[in-house]
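Inside the fold
As a plain string of letters, each chain reads:
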Amino acid sequence: MHGGLGSNSIASVGFPVQRPRRLRRNSTIRRLVRETQLSVDDLVLPLFVVPGSGVEKPVASMPGVFQQSVDRTVETAVRARDAGLPAVILFGIPPQKDAEGSGAWHDEGEVQRATAAIKRAAPDLLVITDVCLCEYTDHGHCGVLSGEAVANDATLARLQLAAVSHARAGADIVAPSDMMDGRVAAIRSALDFDGFEDVAILSYAVKYCSSFYGPFRDAAESAPRFGDRRTYQMDPANADEGMREAALDIEEGADVVMVKPALPYLDVVHRLRLRFDVPIAAYQVSGEYSMIKAAAMNGWIDERRAIDETLTSIKRAGADFIITYFALDFAERG
Ligand code: PBG
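Residues numbered from 1 in each chain as written. Predicted model: local features only at pLDDT ≥ 70, side-chain atom pairs only at ≥ 80, totals over all residues. Heavy atoms only, no water.

Attention shifts here to the state of the cysteines. By the definition in use, this model includes zero disulfides. Just so you know, Cys209 is unpaired, no disulfide at all, and the nearest cysteine sulfur is the one on Cys142, 9.7 Å from it. (Disulfide = S-S within 2.5 Å.)

Set out below in structure tokens:
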């Protein structure tokens with residue numbers, strides 16, 4: 001027992017036979033054993049459509065993100081297609097809001113016109129539309145009110161109208177984000193009834209009541225005027241409940257289920273991956289974007305590496321695709 005420093009005392013734990021660093025020695029070998037590949041195929045770009053023409057208004061809390069009129073939105077969508085992105089998701093900001101959110105199903109609304117124009121300019125680019133009332137209601141809640149409560153079943157009929165109107169404009173996928181119970185079944189049956197059985201539903205199945213939506217509410221001008229969204233969006237403390245939400249939405253006809261936000265809920269993404277065999281999406285939301293941007297603008301983190309690391313982690317957790325405001329950046333950087 002006169003061996004050198006630690007020569008056999010650590011052999012019992014694998015060293016020195018096992019040296020994991022061998023597979024990290026250079027970039028080629030790291031490439032060879034890399035488990036998760038992130039590609040433009042995995043990313044979806046959100047766009048905010050406002051009234052007018054020639055409009056491109058920066059969103060103060062989301063540097064690099066703009067509200068754009070239909071004409072400019074189409075230009076950005078064509079850029080997204082040219083950069084290889086498979087899809088965009090549209091949010092609309094109407095010229096007027098009312099108690100019902102009737103702008104959501106206006107056939108000449110911003111989302112409807114942008115959808116039709118994008119499908120003409122870039123037919124291969126998938127257009128996903130967010131289906132919700134919060135951008136369209138004067139009170140900012142995601143459904144119609146009964147007193148100060150959001151009325152579930154009365155909201156469903158309005159969501160059906162919005163989804164069908166998006167489908168009529170040419171949407172490939174509708175994405176309900178309101179968190180009303182039964183909305184996937186309601187939307188599926190309305191789409192089928194009107195002959196849109198090929199329009200898919202991407203359900204925001206597991207959507208938490210999150211502080212990370214703050215910047216989005218600037219971008220979409222959709223902050224609630226009173227109260228908060230806790231009676232319909234999920235409690236961040238719950239994951240089992242997320243499994244029930246996803247199971248229900250799949251039963252009701254969702255083609256893809258989404259977790260939102262992404263990074264604080266990677267455990268939930270992973271549990272869905274293990275449990276369900278439908279495609280799973282994750283939404284890297286506005287606050288996740290703005291945190292990275294703000295830190296990078298201060299020189300506190302490397303933006304590019306933070307983007308790659310967070311998106312790779314979301315995919316590694318089990319997401320098949322990711323909605324992210326970094327999509328165009330990532331795609332154009334090549
Ligand atoms: C609308 C909706 C929200 C987001 C997507 N759809 C906001 C909310 O629920 O308040 C958030 C997206 C983001 O923060 O990037 N119902």
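Moving on, we come to helix H2 (residues 70-82). Taking 1.5 Å of rise per residue, the 13 residues of H2 would be expected to cover 18 Å, and the 18 Å separating its terminal C-alpha atoms lies within 8% of that figure. Val70, Thr73, Val74, Thr76, Ala77 and Ala80 are the residues of H2 that are buried. Viewed end-on, H2 has its buried residues packed into an arc of 165°, placing them on one side of the element. Those residues of H2 hidden inside the fold are in contact with strand E1 (43-49), strand E3 (66-68), strand E4 (87-92), helix H3 (110-121) and helix H11 (327-333). (Helix = DSSP H or I, 4+ residues; strand = E, 2+ residues; numbered from the N terminus. Expected span 1.5 Å × (residues − 1). Buried < 20%, exposed > 50% of the residue type's maximum accessible area, 1.4 Å probe, protein only. Arc of directions from axis to C-beta. Contact = heavy atoms within 4.5 Å.)

Turning to unusual backbone geometry, a few remarks are in order. Along the chain, Phe15 connects to Pro16 via a cis peptide bond; the corresponding omega equals 10°. Along the chain, Pro16 falls in the segment before helix H1 (27-33). One non-glycine residue, Met179, lies in positive phi territory at about 70°. Relative to the assigned elements, Met179 resides in the loop between strand E8 (173-176) and helix H5 (183-193). The class of Met179 is buried, set by a relative accessible area of 4%.

This part covers the environment of Gly52. Mapping Gly52 onto the fold places it in the loop between E1 and strand E2 (56-58). For the pair Gly52 and Gln68, spaced 16 residues apart in sequence, the C-alpha to C-alpha distance is 8.6 Å. In this structure Gly52 touches Ser69, Val70 and Asp71, once residues within four positions along its chain are discounted.

Here helix H7 (residues 240-252) crosses helix H8 (residues 266-275) at 50°, and the two axes come no closer than 10 Å. One element, H7, and the other, H8, form an angle in the oblique class. When you trace H7 past H8, the crossing you get is right-handed. On H8, the residues touching Asp240, Gly242, Met243 and Ala246 of H7 are Val268, Arg271, Leu272 and Arg275. Of the residues contributing to the contact of H7 with H8, the split by class is four nonpolar, one polar and three charged. (Axes fitted to C-alpha atoms, helices over the stretch in contact; angles between N-to-C directions. Parallel < 35°, antiparallel > 145°, perpendicular 65-115°, else oblique. Left-handed = near helix turned anticlockwise from the far one by under 90°. Nonpolar A, V, L, I, M, F, W, Y, C, P; charged D, E, K, R; others polar.)

Summed over all chains, the structure comprises one cavity of 30 Å³ or more. Put simply, the largest cavity is a space of about 150 Å³. Lining the largest cavity are 19 residues, with Cys134, Lys207, Tyr213, Phe216 and Lys260 positioned closest to its centre. Counting residues per element, the ones that place at least two in the lining of the largest cavity are strand E9 (200-207) and helix H6 (214-219). Class assignment for the residues of the lining of the largest cavity results in nine nonpolar, four polar and six charged. (1 Å grid on protein atoms, 1.4 Å probe; cavity = no way out; pocket = protein on both sides within 12 Å on 5 of 7 lines; lining within 4 Å. Points joined across faces, edges and corners; volume = space filled by probe spheres on them.)

So, about the site of the ligand. Looking at the ligand, there are 18 residues lining it, with Lys207, Arg217, Lys260, Ser286 and Tyr325 nearest. A distance of 2.7 Å separates an oxygen atom of the ligand from a polar side-chain atom of Lys207. The fraction of the free accessible surface of the ligand (400 Å²) that becomes covered by protein chains is 100%. Applying the majority rule of atoms within 2 Å of the grid points places the ligand in the largest cavity. Here the residues of the shell around the ligand sort into 10 nonpolar, three polar and five charged. (Near = heavy atom within 4 Å. Polar contact = N/O pair within 3.5 Å; in protein donor to acceptor, adjacent residues only side chain to side chain. Areas by Shrake-Rupley, 256 points an atom, 1.4 Å probe, with all protein chains shown as cover. Sits in = over half its atoms within 2 Å of the grid points.)

The next subject is the pattern of salt bridges. All told, the structure shown has 17 salt bridges when counted by the stated rule. Here Asp178 ties to Arg183 by a salt bridge, and the two come within 3.3 Å at their closest N and O atoms. On the basis of relative accessibility, which here comes to 0%, the residue Asp178 falls in the buried class. Several salt bridges converge on common partners, so that one network encompasses Asp178, Arg183 and Asp249. (Salt bridge = Lys/Arg side-chain N within 4 Å of Asp/Glu carboxyl O.)

What follows deals with the layout of surface pockets. Within this model, the largest pocket holds a volume of roughly 530 Å³. Arg30, Arg34, Glu35, Thr36 and Thr312 are the residues nearest the centre of the largest pocket, which is lined by 16 residues in total. Elements that contribute at least two residues to the lining of the largest pocket include exactly H1, helix H10 (303-317) and H11. Top element by residues in the lining of the largest pocket is H10. It accounts for three residues. Here the residues of the lining of the largest pocket are counted per class, giving five nonpolar, four polar and seven charged. There is about 390 Å³ of room inside the second largest pocket. Gly64, Phe66, Thr76, Arg79 and Leu328 are, among the 20 residues lining the second largest pocket, the residues nearest its centre.

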